[in-house]
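Observations on the three-dimensional arrangement
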Amino acid sequence: MPVAMEGPVCLVGNGANGELEVNPAALEILRGVAQPVVVVAIVGLYRTGKSYLMNSLAGKQRGESCPSPLPVGPGLEPGGDTKNDVWIFALAVLLSSTLVYNSKGTIDQFAMDQLHFVSELTEHIKVKAQGGDNVEEDTEFVRFFPSFVWAVRDFTLELRIEGQLVTEDQYLEHALALRKGINKKVMEFNLPRQCIRNFFPTRKCFVFVQPTSRQEMGQLDSLPTSALDPQFLDQTRRFCDYVFHCSHVKTVKGGIPVNGKRFGSLVQSYVGTIRSGQVPCLDNAVTAMAAIENEAALREAMAHYAAGMGALRLPAELAELSAAHGTHEGDALRLFMQRSFKDEEQEFQKQLVAGIMERYADILAENEAVSEQTCRALLEELSAAMQQRLSAGLYSQPGGYQLTNNPALGHLWSQAEEALEQFLAGKKAEAEAVLKADNLLTEAEKHVEKQKAEMLEQQRKVAEEKRLQTEQLLKDQERSHQENVKQLEAKVAEELASARQEAERALESKLKEQEAMLSERGAGSSGQSGWAGARTSGFCAHLLHCNSV
Ligand SMILES: Nc1nc2c(ncn2[C@@H]2O[C@H](COP(=O)(O)OP(=O)(O)OP(=O)(O)O)[C@@H](O)[C@H]2O)c(=O)[nH]1
Ligand SMILES: [Mg+2]
């Protein structure tokens, strides 16, 4: 569903005290996005044309009348604070499904050095809440990290390696090739390359020529496309096509797809952790996100059930209530299953079932009360005529008693029998008085016996009505249990399939990478320590967060 947005909205920024802050207005927009989202982050040095690329993505999407984008960048202000920069980079990795690294010139050592954050990722992201050593975590990253795109701006060289024309991807792979040897220099050279290869097995490269003359560069945004280099336009188009067609829906651990609402809680959770001075942890973020989402799913499902049942007109036949309960419970469960995930031990589902049963019991009780009230009112109305005749002394004549037995007191709703019984008991004294005054005294004994028999029959009917109600309630509970089991099984199967897909994707990319490493053979094995890249500040990230296409 398109999301109306006038322009870019900051999602995460630096507050007055320099701390990372989530913008509530952006969260509000995200709350309205129920579809799975694709999240594109563009990171890179200050003033390297990130916004231009992001605008091209947003504009392209509009142009193709795809679901309208939700650009939530530029969110991260450039600053001179390396600590801030590294968190910005970590956030971009954690939040995106496609990560674009934007650099200028060529893929040389300088560009590689700017990406030193990659080799520091293990210190700024944890996978497991407890335990898990660095090496183990390292191999886990690949399962959750975004696909990687290197965008090289103002590329001045020809795409040639040793005289041979190569593709952009081959150019990138060549730049990421490891050197042989284990001395410090080689290790420093290899570390960022090895990290990129390990963490981002899906890689792509796009080179862009300078878009226009140096003099006109300042007004790039206001220049007509005709004023831009056609080669640049073509490169931008190919880049946008790739991002739109090859980006995946953002998923978190377990292959769980992230929609706008979940994305909002994910951002809050990561930023909250960083602000508290801790390292963001994928496990914890998913648990926190699941708690928020499951709570909301529970509320939403309960409200749906209550609204459905609330629309019924009481008093109603028990069968009608039971059928409505079955329908609305099933729908509420479906709603809950759609939104909830990782509901450990079905904690929230159990709460939902209990909540629904409680509400149903309230409705049954309310129905009984309303039914009884209605029956009483009706009986009172029917007997009003009798009272009048009684006062007028009409019953003090032959046949008077027979007038008191009104056949109009038929079966009325669930409480009819009970109401009738109570009513008859209340009227017994009057009826007997009438009977005594009746001139047909010879028949008196017979009438008393008949009346007693009717009372007993009435009591039997009341007991039968209660038994049927209990039986219906038990049937409702059994049906509800079956529905819960059925929907839970479907949900578990779905979550398992997502996890399997995620594992297969990770394994496949890992194997591909290992094969490539083996074929290069002999490159010095990387250490995880000893490499410290040039620490350049002014690193920032732009996020484009768009509906799944
Ligand atoms: N040389 C060159 N300049 C560009 C290119 N794309 C955009 N610019 C210009 O570079 C300046 C910065 O562009 P932006 O797109 O705002 O760059 P940015 O990386 O988003 O900048 P910050 O958000 O401030 O870090 C503007 O004057 C653009 O016109 C490019 O491909 N090459
Ligand atoms: Mg910008």
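- Naming follows an unreviewed UniProt entry, where the chain appears as GB1/RHD3-type G domain-containing protein of Terrapene triunguis.
- UniProt's Sequence similarities (unreviewed entry) comment on the chain is quoted here verbatim: "Belongs to the TRAFAC class dynamin-like GTPase superfamily. GB1/RHD3 GTPase family."

1. Examining the overall build of the chain
- Regarding its fold elements, the chain presents 15 helices and 12 strands.
- Evaluated residue by residue, the chain yields a buried proportion of 47% over its 549 residues.
- Long-range pairs, those at least 24 residues apart, make up 81% of the contacts in the chain with a sequence separation of at least 6.
- Of the roughly 26,800 Å² of accessible surface on the chain, a fraction of 54% belongs to carbon and sulfur atoms.

2. Let's talk about the pattern of salt bridges
- In total, this model carries 24 salt bridges according to the counting rule given.
- Asp241 serves as the salt-bridge partner of Arg237, at 3.4 Å between the closest nitrogen and oxygen. Taken together, the residues Arg237 and Asp241, both in helix H9 (residues 230–246) and 4 residues apart, mark about one turn of the helix.
- Residue Arg237 is classed as partly exposed on the basis of its relative accessible area of 40%.
- Residue Glu372 pairs with Arg376 through a salt bridge whose shortest N-O separation is 3.9 Å. Taken together, the residues span about one helical turn, with Glu372 and Arg376 both in helix H13 (residues 347–391) at a distance of 4 residues.
- Residue classification places Glu372 among the partly exposed positions, given a relative accessible area of 21%.
- You can call Arg376 partly exposed: its relative accessible area is 33%.

3. So, the packing of aromatic side chains
- Across all of its chains, the model carries 15 aromatic pairs by this definition.
- With 4.8 Å between their ring centres and 10 degrees between their planes, Phe141 and Phe145 make a pair best called stacked.
- Judged by its relative accessible area of 10%, Phe145 falls in the buried class.
- Centre to centre, the rings of Phe145 and Phe199 are 5.7 Å apart; their planes meet at 70 degrees, and the pair counts as edge-to-face. In this pair, Phe145 sits in the loop between helix H6 (134–144) and strand E6 (147–153) while Phe199 sits in helix H8 (residues 184–199), placing the two residues 54 residues apart along the sequence.
- Overall, Phe199 belongs to the buried group, its relative accessible area being 2%.
- Across from the ring centre of Phe208, 5.4 Å away, lies the NZ or CZ of Arg153, which sits over that ring.
- Directly above the aromatic system of Phe189 lies the positively charged group of Arg193, at a separation of 3.5 Å from the ring centroid.

4. Here we look at the confidence of the model for the chain
- With 79% of its residues at a pLDDT of 70 or more, the chain has an overall mean of 81.
- For the chain, the element scoring lowest by mean pLDDT is strand E4 (residues 69–71), at 35; strand E9 (residues 203–207) scores highest, at 97.
- Counted against residues more than four places away or in other chains, residues 61–79, with its pLDDT under 50, gives 69 contacts.
- The low-confidence segment residues 523–539, where pLDDT is below 50, has 56 contacts with residues more than four positions distant or belonging to other chains.

5. Describing the site of ligand 1
- Taken together, 17 residues lie around ligand 1, and Lys50, Ser51, Tyr52, Asp154 and Met217 are the ones closest in.
- Arg47 places a main-chain nitrogen or oxygen 3.1 Å from an oxygen atom of ligand 1.
- Here ligand 1 has 650 Å² of accessible area as a free molecule, and 85% of this is covered by the chains.
- Taken together, the elements giving at least two residues each to the shell around ligand 1 come down to helix H2 (50–63) and strand E12 (539–547).
- No other element matches H2, which puts 3 residues into the shell around ligand 1.
- Within the shell around ligand 1, the residues separate by chemical class into 7 nonpolar, 5 polar and 5 charged.

6. Observations concerning the environment of Ala177
- Here Ala177 shows up in the loop between helix H7 (168–175) and H8.
- In the structure, Ala177 is positioned 12 residues away from Phe189 in sequence and 9.8 Å away in space, judged by C-alpha atoms.
- With sequence-adjacent residues up to four places away left out, Ala177 is seen in contact with Phe189, Arg193, Arg197 and Glu520.

7. A short note on the packing of helix H11 (residues 282–310) against helix H12 (residues 318–339)
- For the pair H11 and H12, interaxial distance at closest approach is 8 Å and the crossing angle is 160 degrees. Here H12 runs roughly antiparallel to H11, going by the angle between their axes. For the crossing formed where H11 meets H12, the hand is right-handed. Between H11 and H12, the residues in contact are Glu293, Asn294, Ala296, Ala297, Leu298, Glu300, Ala301, His304, Tyr305, Gly308 and Met309 and Leu321, Ala324, His325, His328, Glu329, Asp331, Ala332, Leu335, Phe336 and Arg339, respectively.
- Residues belonging to the contact of H11 with H12 are distributed by class as follows: 11 nonpolar, 5 polar and 5 charged.

8. Here we look at H7
- Three or more residues of H7 are buried, namely Glu168, Tyr171, Leu172 and Ala175. Here the buried residues of H7 occupy an arc of 100 degrees about the axis, which is enough to place them on one side.
- Along its buried surface, H7 packs onto helix H4 (109–114), E6, strand E7 (160–161), H8, E9 and H9.

9. So, the nonpolar core
- With 68 residues, the main nonpolar core has Trp150 and Phe200 as its most contacted residues.
- Among the elements that take part in this core, helix H3 (residues 82–95) stands out by supplying 9 residues, more than any other.
- Ignoring sequence-local partners within four residues, the contact set of Trp150 consists of Tyr101, Ser103, Ile107, Ala111, Met112, Leu115, Leu172, Ile196, Lys204, Cys205 and Phe206.
- Listed in part, the 22 residues of the second largest apolar core include Tyr52, Phe208, Leu223 and Tyr242.

10. Remarks on the pairing of strand E5 (residues 98–104)
- Judged by how many residues are buried, E5 sits mostly within the fold: 6 of 7 residues are covered.
- The sheet contact formed by strand E3 (residues 37–45) and E5 spans 5 bridges and is parallel. When the bridges of E5 are listed, Ala41 appears paired with Leu99.
- As paired elements, E5 and E6 share 7 bridges and run parallel to each other. For Lys104, the partnering residue across the bridge sits in E6 and is Arg153.

Cut-off values and rules
Residues numbered from 1 in each chain as written. Chains lettered and ligands numbered in written order. Predicted model: local features only at pLDDT ≥ 70, side-chain atom pairs only at ≥ 80, totals over all residues. Heavy atoms only, no water. UniProt positions renumbered as here; feature names shortened; annotations may be inferred. Helix = DSSP H or I, 4+ residues; strand = E, 2+ residues; numbered from the N terminus. Buried < 20%, exposed > 50% of the residue type's maximum accessible area, 1.4 Å probe, protein only. Contact = heavy atoms within 4.5 Å. Areas by Shrake-Rupley, 256 points an atom, 1.4 Å probe, with all protein chains shown as cover. Salt bridge = Lys/Arg side-chain N within 4 Å of Asp/Glu carboxyl O. Phe/Tyr/Trp six-rings, centres within 6.5 Å; stacked < 30°, edge-to-face > 60°. Lys NZ or Arg CZ within 6 Å of the ring centre and 35° of its normal. pLDDT = per-residue confidence, 0-100. Near = heavy atom within 4 Å. Polar contact = N/O pair within 3.5 Å; in protein donor to acceptor, adjacent residues only side chain to side chain. Nonpolar A, V, L, I, M, F, W, Y, C, P; charged D, E, K, R; others polar. Axes fitted to C-alpha atoms, helices over the stretch in contact; angles between N-to-C directions. Parallel < 35°, antiparallel > 145°, perpendicular 65-115°, else oblique. Left-handed = near helix turned anticlockwise from the far one by under 90°. Arc of directions from axis to C-beta. Core = buried A, V, L, I, M, F, W, Y, C linked by side-chain atoms within 4.5 Å. Pairing = 2+ DSSP bridges.

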